[in-house]
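Here are the chains, one letter per residue:
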Amino acid sequence: MLKKDFCILGIESTCDETSASLLEGGQKVLSNVIYSQIEEHKKYHGVVPELASRAHAAKIAAVISQTVGKHPVDAVAFAHGPGLPGGLMVGRVAAETFSRLKKIPIIGVNHLEGHLFACEFEDGEVKYPLSFPLIALIVSGGHTELWYVKGYGDYKVLGRTRDDAAGEAFDKVAKLLGLAYPGGPQVSAQALKGRRDAVNFPRPLLPGTWDFSFSGIKTSVSYYLRDHKDVSVPDICASFEEAVCETLVKKTIQAAKKYKVKQIAVGGGVAANSLLREKMNAAGAQHHIAVRFVPRGMSSDNAAMIALAAWRQLEHAGANALTQKWDININPNLKIKNWGK
Ligand code: KG4
Ligand code: ZN
């Protein structure tokens, strides 16, 4: 049994946010400091890996120091993949150094699992523990995955994107339209002023599989821009957003029905999207499936979700699993795995 005030320091550095967080008793977020690198990447309309690594290296110590202060820490967890190699290495070195200096255990966490567990938070606390079995949709800038989740650490990956992630498609379409990075919020804001039925962009449903593919929609947008003059940016944004959200919702609901689950959890940066929320909630209500979205403040990359994923792993494995083995390799292509007993 872990003591009630067992405190985990989470570290997140997989993409363009440098974050550290303290989670007490697997329940309460004592702090969650996030340094966003958006300003550094904005002019390139996307994350530049080399700049990201440098920014993580420059900020991680200060972010951890600000998070921890003088608070005791019992274990340190870091996201060891998937993500950009440079950022992952910075996270690993920071976590290992902290672990060795404080003589506390170290835990490696899959970043995508973090996005799922972020759904349990509300107002800085775990208020909505997941109820199983469920279908999880993880939609971010780097990933779009659909999982059947039977319990904590018990996953079956049903499908993932074959090309662009949903967030990446938002970012690329924003770039085509001359909107700022990150594109999701920009496209979404423009879409509010446009007609969702203005352009009939494709809905790539890939029948017979649970996979996604978003590069075709993006290409359709680029052909549309090439072939039309005087286009309405709000109309394109609204029609594009409609096509992406409809595809995500249809496949997720189909999976929920096929696997006969009563809950859907949606995490990752794109889960902040209002149309996705509206459509998924409406479809869930229609099919009597509860839909749990990550709270907006926790949808993008943060270390509280990494700390919570580590806590869930420890609860599952028992305190005996706590070790000071510093051989947790980073893996930029880390896939989701079931937790062993
Ligand atoms: O989870 P996240 O912070 O980072 C990754 O792990 O990738 O997700 C970032 C992605 C970006 O592609 C961004 O454009 C997208 O999430 N995003 C949105 C919205 N807010 C952020 N996409 C659509 N609508 C939004 N409101
Ligand atoms: Zn992420």
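Anything mentioned here points back to the structure above.
Let me sum up the structure you'll find in this document. (Residues numbered from 1 in each chain as written. Chains lettered and ligands numbered in written order. Predicted model: local features only at pLDDT ≥ 70, side-chain atom pairs only at ≥ 80, totals over all residues. Heavy atoms only, no water.)

## Focus on the overall build of the chain
Note the threshold: Segments assigned H or I by DSSP are reported as helices when at least four residues long, segments assigned E as strands when at least two residues long, and all are numbered from the N terminus. When we talk radius of gyration, it's over C-alpha atoms, and the globule rule is simply 2.2 Å times the number of residues to the 0.38. Residue contacts are counted whenever heavy atoms from the two residues lie within 4.5 Å of one another. Each accessible area is a Shrake-Rupley estimate made with a 1.4 Å probe; only the visible protein chains count as cover when residues are assessed. The positive count covers Lys and Arg only, the negative count covers Asp and Glu only, and His and the chain ends enter neither. To locate a charge, take atom NZ for lysine, CZ for arginine, CG for aspartate or CD for glutamate.
Counting its regular elements, the chain contains 10 helices and 12 strands. Taken over the C-alpha trace, the chain has a radius of gyration of 20 Å; the compact-globule value for 341 residues is 20 Å, and the two agree within 12%. Its C-alpha atoms give the chain principal-axis dimensions of roughly 65 × 45 × 30 Å. Within the chain, contacts between residues separated by at least 24 positions form 73% of all contacts whose residues are at least 6 apart in sequence. When the accessible surface of the chain is split by element, carbon and sulfur atoms take 52% of a total near 14700 Å². Of the charged side chains in the chain, 41 are positive and 33 negative, and the gap between their average positions amounts to 4 Å.

## Observations concerning the coordination of the zinc ion (ligand 2)
Geometrically, a metal with four donors at the corners of a regular tetrahedron has ideal angles of 109.5 degrees, and one with six donors at the corners of a regular octahedron has ideal angles of 90 or 180 degrees. Definition in use: Metal-coordinating donors are taken as N, O and S atoms lying within 2.8 Å of the metal, or within 3.2 Å when the metal is Na, K or Ca; because water is left out, some sites can appear incomplete. Under the classification used here, a metal with four donors is tetrahedral if each angle lies between 85 and 135 degrees, square planar if opposite donors are over 155 degrees apart and the others between 65 and 115, a six-donor metal meeting that same test is octahedral, and anything else is irregular. Between buried and exposed lies partly exposed: a residue is buried under 20% and exposed over 50% of the maximum accessible area for its type, with that area taken using a 1.4 Å probe on protein chains only.
The protein atoms that coordinate the zinc ion (ligand 2) are His111 (NE2), His115 (NE2) and Asp301 (OD), at distances spanning 2.0 to 2.1 Å. Note that the zinc ion (ligand 2) binds four donor atoms; their angles at the metal cover 93 to 141 degrees, and the shape is irregular. Residue His115 is classed as buried on the basis of its relative accessible area of 1%. Asp301 gets classed as buried once you look at its relative accessible area, which sits at 10%.

## What to know about the site of ligand 1
Put simply, the test is: If a single non-hydrogen atom of a residue is within 4 Å of a molecule or strand, that residue counts as near it. Any pair of N or O atoms that falls within 3.5 Å is considered a polar contact. Within protein, one atom must be able to donate a hydrogen and the other to accept it, and sequence-neighbouring residues count only if both atoms are side-chain atoms.
Taken together, 20 residues lie around ligand 1, and Gly141, Asp171, Gly184, Gly269 and Asn273 are the ones closest in. His111 is positioned with one of its side-chain polar atoms (N or O) 3.4 Å from an oxygen atom of ligand 1. At 3.2 Å from an oxygen atom of ligand 1 is found a main-chain nitrogen or oxygen belonging to Gly167. Here ligand 1 loses 89% of its free accessible area of 550 Å² to cover by the protein chains. Mapped onto the shell around ligand 1, the elements with two or more residues apiece are helix H4 (111-117), helix H5 (166-176) and helix H6 (183-191).

## Concerning the packing of helix H2 (residues 49-68) against helix H3 (residues 85-102)
Using the following cut-off: To define axes, lines are fitted to C-alpha atoms, for helices over the stretch in contact only, and angles between the resulting N-to-C directions are given on a 0 to 180 degree scale. Note on convention: the crossing is left-handed when the near helix lies turned anticlockwise from the far helix by less than a right angle, right-handed when the turn is clockwise. Classes in brief: Ala, Val, Leu, Ile, Met, Phe, Trp, Tyr, Cys and Pro nonpolar; Asp, Glu, Lys and Arg charged; the others, Gly included, polar.
As a packed pair, H2 and H3 sit with axes 9 Å apart at the nearest point and diverge in direction by 35 degrees. As H2 runs across H3, the sense of the crossing is right-handed. Residues Ser53, His56, Ala57, Ile60, Ile64 and Val68 of H2 touch H3, and the partners they reach there are Gly86, Gly87, Val90, Ala94 and Phe98. Grouping the constituent residues of the contact of H2 with H3 by class yields seven nonpolar, four polar and no charged.

## Digging into the packing of aromatic side chains
Definition in use: Ring pairs are drawn from Phe, Tyr and Trp, using the six-membered ring of Trp, whenever the two centres fall within 6.5 Å, and their geometry is named by plane angle: stacked under 30 degrees, edge-to-face over 60, tilted for the rest. By definition, being over a ring means that NZ of Lys or CZ of Arg is both within 6 Å of the ring centre and within 35 degrees of the ring normal.
Under the defined criterion, the tally for this structure stands at nine aromatic pairs. For the pair Phe6 and Trp311, a centre-to-centre distance of 6.4 Å together with 55 degrees between the ring planes defines the contact as tilted. Pair noted here: Phe6 is in the segment before strand S1 (7-12) and Trp311 is in helix H10 (residues 304-317), with a separation of 305 residues, a long-range link. With respect to class, Phe6 is no different from Trp311; both count as buried. Look at Phe117 and Tyr152: their rings are 5.7 Å apart centre to centre, the planes differ by 35 degrees, and that puts the pair in the tilted class. Of this pair, Phe117 sits in helix H4 while Tyr152 sits in the loop between strand S9 (144-151) and strand S10 (154-160); the two residues are 35 residues apart in sequence, bridging distant segments of the chain. With a relative accessible area of 1%, Phe117 lands in the buried category. Accessibility expressed as a relative area gives 24% for Tyr152, which makes it partly exposed. Taken together, the ring pairs in this structure connect Phe117, Phe132, Tyr152 and Trp339 into an aromatic cluster. The side chain of Lys59 reaches across the aromatic face of Tyr35, ending 4.8 Å from its centre.

## Side note on the sheet that holds strand S12 (residues 290-293)
Definition in use: In this analysis, strands are considered paired if DSSP registers two or more bridges between them.
Read from one edge of the open sheet, five strands run S10-S9-S8-S11-S12, paired in mixed fashion. Two strands bound the open sheet, and with one partner strand each, they are S10 and S12. The sheet shows a mean angle of 20 degrees between the axes of neighbouring strands, direction not considered. Pairing of strand S8 (residues 134-139) with strand S11 (residues 263-267) involves five bridges; the strand directions are parallel.

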